[in-house]
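# Fold and contact review
What follows is the residue order along each chain.
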Amino acid sequence: GSGVGKSKTAMIIAQALTGYPPITLNMTEFSERTSINRIVGVHAGYYGSDSKAEKPFDILESNPRQVILIDEFEKCHRSIKLLFMGVFENGILQLANGKVIDFTRCIIIATTNAGCNAINSTIGFTRSESSLSVDDLSGSFDAELLNRFSVILHFHSISEQTFRESVRDRYAREIKAIKSNKADIRLPNKIPDDVLDRLVRENYNPVFGARHVSQIVRAYIEDILLASDEREN
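My aim in this report is to walk through the structure given alongside it, one point at a time.

About the thresholds
- Residues numbered from 1 in each chain as written.
- Predicted model: local features only at pLDDT ≥ 70, side-chain atom pairs only at ≥ 80, totals over all residues.
- Heavy atoms only, no water.
- Helix = DSSP H or I, 4+ residues; strand = E, 2+ residues; numbered from the N terminus.
- Buried < 20%, exposed > 50% of the residue type's maximum accessible area, 1.4 Å probe, protein only.
- Contact = heavy atoms within 4.5 Å.
- Areas by Shrake-Rupley, 256 points an atom, 1.4 Å probe, with all protein chains shown as cover.
- Phe/Tyr/Trp six-rings, centres within 6.5 Å; stacked < 30°, edge-to-face > 60°.
- Axes fitted to C-alpha atoms, helices over the stretch in contact; angles between N-to-C directions.
- Parallel < 35°, antiparallel > 145°, perpendicular 65-115°, else oblique.
- Left-handed = near helix turned anticlockwise from the far one by under 90°.
- Nonpolar A, V, L, I, M, F, W, Y, C, P; charged D, E, K, R; others polar.
- Salt bridge = Lys/Arg side-chain N within 4 Å of Asp/Glu carboxyl O.
- Patch = residues over 30% accessible without salt bridge, like charges linked within 9 Å, V, L, I, M, F, W, Y side chains within 5 Å.
- Polar contact = N/O pair within 3.5 Å; in protein donor to acceptor, adjacent residues only side chain to side chain.
- Core = buried A, V, L, I, M, F, W, Y, C linked by side-chain atoms within 4.5 Å.

In this section: the overall build of the chain. Along its length, the chain carries eight helices and seven strands. Here the chain holds 233 residues, and 34% of them are scored as buried. At a minimum sequence separation of 6, the contacts of the chain that also span at least 24 residues come to 72%. On the chain, roughly 14,300 Å² of surface is accessible, and the fraction owed to carbon and sulfur atoms is 48%.

As structure tokens, this is what we get:
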């Protein structure tokens, strides 16, 4: 589902293993067949073959230990999926100019919402095959491609209680950051329970998960600060 922490998990893994954010490709930007050129370049003799534009995996030449995030994998063109299937199988990618990129020291993580409607979700994530099967994803991916992945994890929908805890935690972090710059600001360190109840009641939707928690909390804090300024003036 959306907003359940798939991309965030990849970012945490990348930071822990490499100290850097992952190389991220948003597959919604690769929905056309020709978009493959943005990854491998253009063969000699074709328009754009002399382009010096940086390609997403150029960094692997100088820093081959990377986490790569293929976000919303189901949305790219089939030619892109086949391209990555070759990378998963062989550990290399040959560019149009003949250069070979080595992926053998990378961790590649792909996220997708494909198949989520077929599963009756609960909180958490699991490797259980009873929760997610190749059949659930077969409408968006070839079985050959899915079998190239070492592990398939199922992230379940965010529960109302988890959403509540996320709002509480985000508020505490936002207030800590604000007070580190302005210690005398009049805001409680902990969000009041009645406010928390209201924000959850008005904003929780399992379809959207926790994606918009930060916006909700910031809007609430901004409203308090604006009201405080108006009273003082």
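Right, let's get into the packing of aromatic side chains. Any aromatic ring pair is given by two values, namely how distant the centres are and how the planes are angled relative to each other. For the structure shown, the criterion picks out eight aromatic pairs. Note on Tyr171 and Tyr220: the rings are 6.2 Å apart at their centroids and 50 degrees apart in plane angle, and the pair reads as tilted. Of this pair, Tyr171 sits in helix H6 (residues 160–181) while Tyr220 sits in helix H8 (residues 213–232), and the two are 49 residues apart along the sequence. Tyr220 carries the same exposure label as Tyr171, and that label is buried. Through a chain of ring-to-ring contacts, the aromatic side chains of Phe57, Phe73, Phe84, Phe88, Phe103, Phe141 and Phe149 assemble into a single cluster.

Let us now look at the packing of H6 against helix H7 (residues 193–203). Where H6 meets H7, the closest approach of the two axes is 10 Å, and the angle between their N-to-C directions is 125 degrees. Between H6 and H7, the angle is such that the two are oblique. Remark: the crossing between H6 and H7 carries right-handed chirality. Within the contact between the two elements, H6 uses Glu160, Phe163, Arg164, Val167 and Arg168 and H7 uses Asp193, Leu196, Asp197, Leu199, Val200 and Asn203. Classifying every residue of the contact of H6 with H7 by side-chain character gives five nonpolar, one polar and five charged.

Moving on to the pattern of salt bridges. One side chain can pair with another of opposite charge once the charged atoms of both are near each other. This model, assessed by the stated rule, comprises ten salt bridges. Look at the salt bridges and you will find they share partners, linking Arg170, Glu174 and Arg218 into a network.

Attention shifts here to a nonpolar patch on the surface. A surface patch of nonpolar side chains, about 240 Å² in accessible area, is lined by Ile13, Leu17 and Ile107. With respect to the helices and strands, Ile13 occurs in helix H1 (residues 6–18).

Okay, the side chain of Thr162 next. One can find Thr162 in helix H6. Here the side chain of Thr162 touches Ser159 through a polar contact of 3.1 Å, side chain to side chain.

What follows deals with the nonpolar core. With 28 residues, the main nonpolar core has Ile39, Phe57, Phe84, Leu93 and Phe103 as its most contacted residues. Sorting elements by how many residues they give to this core places helix H3 (residues 78–90) first, with six residues. Those residues in contact with Phe57 that lie beyond four places of it in its chain are Ile23, Leu25, Ile39, Ile68, Phe84, Leu93, Ile101 and Phe103. Listed in part, the 19 residues of the second largest apolar core include Phe155, Val167, Val213 and Val217.

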